[in-house]
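An overview of the molecular structure
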Amino acid sequence: MRKAFYIDSFSSDHFHEMFNASSLLMFSHLYDNIDYYAQKNSIVNVTKLLGSLPSNVKPHTHNIKENKKSRVNHAIKQIRSVMLNLYYILKAPRDTDVIINYNTVIALYPINYLVKILKKRVLVVCHSEMQDIQGLRPTSLLFQKSIRFFKEKDVKVAKTLWFCVLGDAIRKNVLQIVSPQIAEKLLSFDHTAVFNYNVDGIQNVQDKTLKLGYIGGFRDSKGTKMFMELSKFFHDDNKIEFRFIGNVQGNQKELEASGVVIPQGIGSFFIQREDMYRHIKQLDYVLFCFPPDGYKFTASGSLFDAIDNEIPILSLKNDYFEGMFHDFGDFGYLEDDVDGLKRRILWLKEHKNDSKWNIRSVKQKVSPASAAQRFSKSKWFES
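Described below are features of the structure shown in this document. Just so it is clear, the model here is predicted, and its values are computed rather than measured.

It is worth spelling out the packing of aromatic side chains at this point. A full pass over the atoms with the stated rule returns 30 aromatic pairs. Geometrically, the ring pair formed by Phe 325 and Phe 331 is tilted, given 4.6 Å between the ring centres and 50° between the ring planes. The exposure class of Phe 325 is buried, given its relative accessible area of 10%. Ring pairing ties together the aromatic residues Tyr 6, Phe 27, Tyr 31, Tyr 36, Phe 189, Phe 375 and Phe 381, which thus form one cluster. Of note, Lys 342 hangs over the ring of Phe 233, and the distance from its end group to the ring centre comes to 4.0 Å. Taking the ring centre of Tyr 333 as reference, the NZ or CZ of Arg 344 above it sits at 3.9 Å.

As structure tokens, then:
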């Protein structure tokens, strides 16, 4: 009988809720029994997305009061997450796998040390921290020392400790920057989502305005500047509209000055998924403007919001999106450069309903059940 602890020591409220729900569902197809440890409000949101938890998943809460956002409280949350991860590794029976769904980088060395002693099987799922291996953004000294775990050739990785990234395209890129001993222990499974199959067809056939939308928080790393520049470029064209759907984080005036439309109910806060999806369904295309190297080492949750609502995408080419198109089928347009985006937008203005995308088939191919079938053949289940 396969048993696992699924540990979410960091999430609260809606943070990473789609990944949390879909990956938990994926692992429920791979294990007979799962003990799921997370914050109560995170479990509530995951359960809501799934409809109900799988029958072989038993939830457990670690209720810890969330403080207001600040650097100090964020640091406290990081340390608390480290302690919880170590505690659950200690707590897990020897015949139970430990899956850490979102790890804190500063926990890497302590986890490795503990796993060496206990010899328990632990799988750490990696996310955006893989982008920081190259040291391209400012981070704390502790973070910089911790991230070396992935690069230093003299680090001895515990025999039963494994790491996982989200997708083969990301794994291929990560293998080029990690040490040989990490490369040997690096696996991948597909980022999936809990999809709604009761989605209407083309939403805006009768509307002659081409609506292009940005999804997510206001971040330079996600291409907000390019999004605003494109909006300015087409500002005088009343048949093209740019919309921002996400947390504007105090940048509302800057967005509006660029001609970006901010729908009612959008502001400097995270909106409920139902409200976000209502706005996404009004788009013709979801526009991704982040740099081509932006998703070499991490997956995009916003991409799955587009897929869930069966709205095609328009984006600059990047390894992750090209890998998705190659593996699961096209669901939009990928362009080489900004000029390519501009030409495509002008073409779509007159032909937005000409292309037919079978996004329903993409949903089926990246479902948790399908991803589980692929991951069942990985080294994690052979070791």
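Now that the structure is up, let's keep going.
Moving on to the sheet that holds strand E7 (residues 186-189). Spatially, seven strands are ordered E3-E2-E1-E4-E5-E6-E7 in an open sheet, and the strand pairing comes out parallel. Edge positions in the sheet fall to strand E3 (57-61) and E7, since each has one partner strand and no second. Strand-to-strand twist across the sheet, computed as the mean angle between neighbouring axes with direction ignored, equals 25°.

We now examine helix H15 (residues 368-375). Those residues of H15 not exposed but buried are Pro 368, Ser 370, Ala 371, Ala 372 and Phe 375. Buried-residue contacts for H15 involve helix H1 (17-28), strand E5 (122-125), strand E6 (161-166), E7 and helix H14 (359-365).

The next subject is the environment of Lys 48. For Lys 48, the location among the structural elements is in helix H2 (residues 40-50). The exposed category is assigned to Lys 48, whose relative accessible area is 53%. Here the alpha-carbon distance between Lys 48 and Glu 17, two residues 31 residues apart in the chain, equals 9.9 Å.

Time to look at the side chain of His 62. Counting through the fold element by element, His 62 comes out in the loop between E3 and helix H3 (71-91). Polar contacts involving the side chain of His 62 include one to the main-chain amide nitrogen of Gln 39, which spans 3.4 Å. At 3.0 Å, the side chain of His 62 and the side chain of Tyr 88 are in polar contact. With near-sequence residues (within four places) excluded, His 62 lies in contact with Asp 8, Ser 9, Tyr 37, Ala 38, Gln 39, Leu 84 and Tyr 88.

Going residue by residue along strand E11 (residues 313-316), you find Ile 313 and Ser 315 tucked away on one face and Leu 314 and Leu 316 tucked away on the opposite face as well. Bridge count between strand E10 (residues 285-288) and E11: three bridges; the pairing is parallel. In the strand pairing of E11, Leu 287 is matched with Leu 314. Taken together, the four bridges between E11 and strand E12 (residues 332-335) define a ladder with parallel strand orientation. The residue of E12 that forms the bridge with Leu 316 is Glu 335.

For the rest of this paragraph, the subject is the side chain of Ser 378. Tracing the backbone shows Ser 378 in the segment after H15. In this structure the side chain of Ser 378 is engaged in a polar contact, spanning 2.8 Å, whose partner is the backbone oxygen of Phe 375.

What follows covers the sheet that holds E12. The five strands lie next to each other as E9-E8-E10-E11-E12, forming an open sheet whose pairing is parallel. Each having just a single partner strand, strand E9 (240-245) and E12 make up the two edges of the open sheet. The average undirected angle you get between the axes of adjacent strands in this sheet is 25°. Those strands touched by helix H8 (residues 224-233) are strand E8 (210-215), E9, E10 and E11, and its axis lies near 155° from that of E9. Helix-sheet contacts for helix H10 (residues 273-280) involve E8, E9 and E10, and the interaxial angle to E9 is about 170°.

The biggest cluster of nonpolar side chains holds 128 residues, and the ones touching the most others in it are Phe 27, Phe 150, Leu 161, Phe 163, Leu 303, Ile 313 and Phe 375. Look past the residues within four positions of Ile 313 in its chain and what remains in contact with it is Tyr 285, Val 286, Phe 288, Leu 303, Ala 306, Phe 321, Phe 325, Phe 331, Gly 332, Tyr 333 and Leu 334.

The next subject is H10. Of all the residues in H10, the buried ones are Arg 273, Met 276, Tyr 277, His 279 and Ile 280. Viewed end-on, H10 has its buried residues packed into an arc of 160°, placing them on one side of the element. Buried residues along H10 sit against H1, H2, E8, E9, E10 and helix H11 (301-308).

Backbone geometry places Lys 119, a non-glycine residue, at a positive phi of 60°. Topologically, Lys 119 is positioned in the loop between helix H4 (108-118) and E5. If you check the backbone angles, Glu 310 has positive phi at about 55° while not being a glycine. Its place among the elements puts Glu 310 in the loop between H11 and E11.

Take the packing of H3 against H4 next. Helix-helix packing: each pair is described by the crossing angle between the helix axes and the interaxial distance. Running from N to C, H3 and H4 point in directions that differ by 10°, and their axes come no closer than 10 Å. With respect to H4, the element H3 is oriented roughly parallel. When H3 is examined against H4, the residues Asn 85, Leu 86, Ile 89 and Leu 90 are found in contact with a partner set consisting of Pro 110, Ile 111, Leu 114 and Leu 118. Grouping the constituent residues of the contact of H3 with H4 by class yields seven nonpolar, one polar and no charged.

Calculation rules
- Residues numbered from 1 in each chain as written.
- Predicted model: local features only at pLDDT ≥ 70, side-chain atom pairs only at ≥ 80, totals over all residues.
- Heavy atoms only, no water.
- Phe/Tyr/Trp six-rings, centres within 6.5 Å; stacked < 30°, edge-to-face > 60°.
- Buried < 20%, exposed > 50% of the residue type's maximum accessible area, 1.4 Å probe, protein only.
- Lys NZ or Arg CZ within 6 Å of the ring centre and 35° of its normal.
- Pairing = 2+ DSSP bridges.
- Helix = DSSP H or I, 4+ residues; strand = E, 2+ residues; numbered from the N terminus.
- Axes fitted to C-alpha atoms, helices over the stretch in contact; angles between N-to-C directions.
- Contact = heavy atoms within 4.5 Å.
- Polar contact = N/O pair within 3.5 Å; in protein donor to acceptor, adjacent residues only side chain to side chain.
- Core = buried A, V, L, I, M, F, W, Y, C linked by side-chain atoms within 4.5 Å.
- Arc of directions from axis to C-beta.
- Parallel < 35°, antiparallel > 145°, perpendicular 65-115°, else oblique.
- Nonpolar A, V, L, I, M, F, W, Y, C, P; charged D, E, K, R; others polar.

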